[in-house]
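# Structural description and commentary
Given next are the chains, with one letter for each unit.
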Amino acid sequence: MTVNERRLLPLVTLLLLALLVATLAAWVLDRVNREGGTADQQRRTEDVIHWKMVTTWPKNFPGLGLGPENFARRVKEMSGGRLQVQVYGGGEIVPPFGVFDAVSQGVAEIGHGAGYYWTGKVPASVFFTAVPFGFTAIETSAWIHYGGGLELWRKAYAPFNLIPFAGGNSGVQMAGWFNREINSLEDMKGLKMRIPGLGGEVFTRAGGVAVTMPGGELYTSLQTGVIDATEWVGPYNDLAMGLHEVAEYYYYPGWQEPGPSLEFIVNKDAFEALPADLQSIVENAARVINQDMLDEYTARNNRALTELVEVHGVKLRRLPDDVIVALRTAAQEAVEELAASDPMAAEAYASFREFYDGVKHYHRISEQAYINARDLEADPGQ
Ligand code: CA
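First, a word on what this report is: a plain description of the structure on this page. As the structure is a prediction and not an experimental result, all values here were calculated from the model. (Residues numbered from 1 in each chain as written. Predicted model: local features only at pLDDT ≥ 70, side-chain atom pairs only at ≥ 80, totals over all residues. Heavy atoms only, no water.)

### Considerations on unusual backbone geometry
Across the chain, the bulk of peptide bonds are trans and the bulk of non-glycine residues have phi less than zero. Here Tyr-252 and Pro-253 are connected by a cis peptide whose omega angle stands at -5°. Structurally, the position occupied by Pro-253 is in the loop between strand 9 (249-252) and strand 10 (261-267). Of note, Phe-133 is a non-glycine position whose phi angle comes to about 60°, a positive value. Mapped onto the elements, Phe-133 comes out in the loop between helix 4 (125-129) and helix 5 (137-146). Its identity is not glycine, yet Asn-161 carries a phi of approximately 65°, on the positive side. (Helix = DSSP H or I, 4+ residues; strand = E, 2+ residues; numbered from the N terminus.)

This is how it looks when you write it as structure tokens:
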């Protein structure tokens, strides 16, 4: 060993030792991380709450059926995966109209649908969904969240062990698809139209014949002449359904559903079993979906309408004034009879009516006045 080599020996030894210490430290750190990670994962697997959501829509149905999917995604993200909601389409666990009972009985923890499907059990539910010639989407949401609507809705559903939340809105719908032109009230006489709920009742009072059938049967029924007309939702959904292939005329405005609110219904026991932060996440995710769905419809409806008219040659028509006036008169009678039939419906109607009169007055000088001003033609003489 030379002198130089002898001098280098302590340095090399020191370097080797340092390397050994670093390797050991890395190994120890890795073990700690692994064990910590496993324990954390294990704790989280134990803590995760799984909910089933039953819906009245086909799985991933545009607009209406995407609301539940978006809700599930947002709840999972906001809770860091602690609450996971599995969405089932209509018919997968229970039939579409079995959602109310399924959630009420705890077969599923949560459901998504429209309140007017359960009018037979809860007559007041019409007021929380859609009243013909009633609220627009903005007005519906305002009444529910700031006008006392939600408290009444919860009161109406409490006997069924359910807590409702507003769950989306399509905005003003279309009056529907007709295979013949409607030029006056006379053309409505005996017309067979698929139109559910209170809208159907009103249509019958105005001289038509209302028929109820699931969405899946509309296309064939219209094609084969079983019905002369049908309403569904609006351009975005109706285009997807292909209704323009079986009817020539597309009428507006959707007097029967001017701002229908969908709903999330949660089993009360399941909701109360959640920690406070997850309860808040459920409530806030529903609130987001309520607005988000309206935004999606607003964005997509006009694009779909343009395609229907410009590509598919659909004839867009406004319902004649005498038809609108007759329907509105019939709607007033039908709503008052419904309210008189049930104490809870009467209570909901009183609150609805008071808010309606006020907001209608205010919207005349705000929303309505602004839209009229925006569309006002300049006087060519000026
Ligand atoms: Ca409809």
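### Let's talk about the packing of aromatic side chains
Taken as a whole, this structure holds 26 aromatic pairs when the rule is applied. Taking 4.7 Å as the distance between ring centres and 35° as the angle between the ring planes, the aromatic pair formed by Phe-97 and Tyr-117 counts as tilted. A residue pair is termed long-range when its members are at least 10 positions apart, and Phe-97 in the loop between strand 2 (83-88) and helix 3 (99-104) and Tyr-117 in the loop between strand 3 (110-114) and helix 4 qualify at 20 residues. Overall, Tyr-117 belongs to the partly exposed group, its relative accessible area being 26%. In this structure, Arg-154 packs its charged tip against the face of Phe-165, placed 4.8 Å from the ring centre. (Phe/Tyr/Trp six-rings, centres within 6.5 Å; stacked < 30°, edge-to-face > 60°. Buried < 20%, exposed > 50% of the residue type's maximum accessible area, 1.4 Å probe, protein only. Lys NZ or Arg CZ within 6 Å of the ring centre and 35° of its normal.)

### A look at the pairing of strand 9
As paired elements, strand 5 (residues 176-178) and strand 9 share three bridges and run antiparallel to each other. In the strand pairing of strand 9, Phe-178 is matched with Tyr-249. Inspection of the sheet shows strand 9 paired to strand 11 (residues 315-318) by four bridges, in the parallel sense. Looking at strand 11, one finds that Tyr-251 is bridged to Arg-317. (Pairing = 2+ DSSP bridges.)

### A short note on the coordination of the calcium ion
Here the calcium ion is held by Gln-173 (OE1), Glu-231 (OE), Glu-231 (OE), Trp-232 (O) and Glu-257 (OE), and the distances to it run 2.2 to 2.8 Å. On the primary sequence, the residues serving as donors to the calcium ion are separated as Q-x57-E-W-x24-E. With a gap of 84 residues between them, Gln-173 in the loop between strand 4 (162-169) and strand 5 and Glu-257 in the loop between strand 9 and strand 10 connect regions that are remote in the sequence. (Donors = N, O, S within 2.8 Å, 3.2 Å for Na, K, Ca; no water.)

### Structural notes on the nonpolar core
Phe-127, Tyr-157, Trp-255 and Leu-327 are the most contacted members of the largest nonpolar core, which has 86 residues in total. The biggest single contributor to this core is helix 12 (residues 321-340), with nine residues. The contact partners of Leu-327, leaving out residues within four places of it in the chain, are Phe-133, Met-188, Val-202, Phe-203, Ala-206, Trp-255 and Leu-319. Counting 22 residues, the second largest nonpolar core, distinct from the first, contains Leu-83, Phe-165, Leu-274 and Ile-281. (Core = buried A, V, L, I, M, F, W, Y, C linked by side-chain atoms within 4.5 Å. Contact = heavy atoms within 4.5 Å.)

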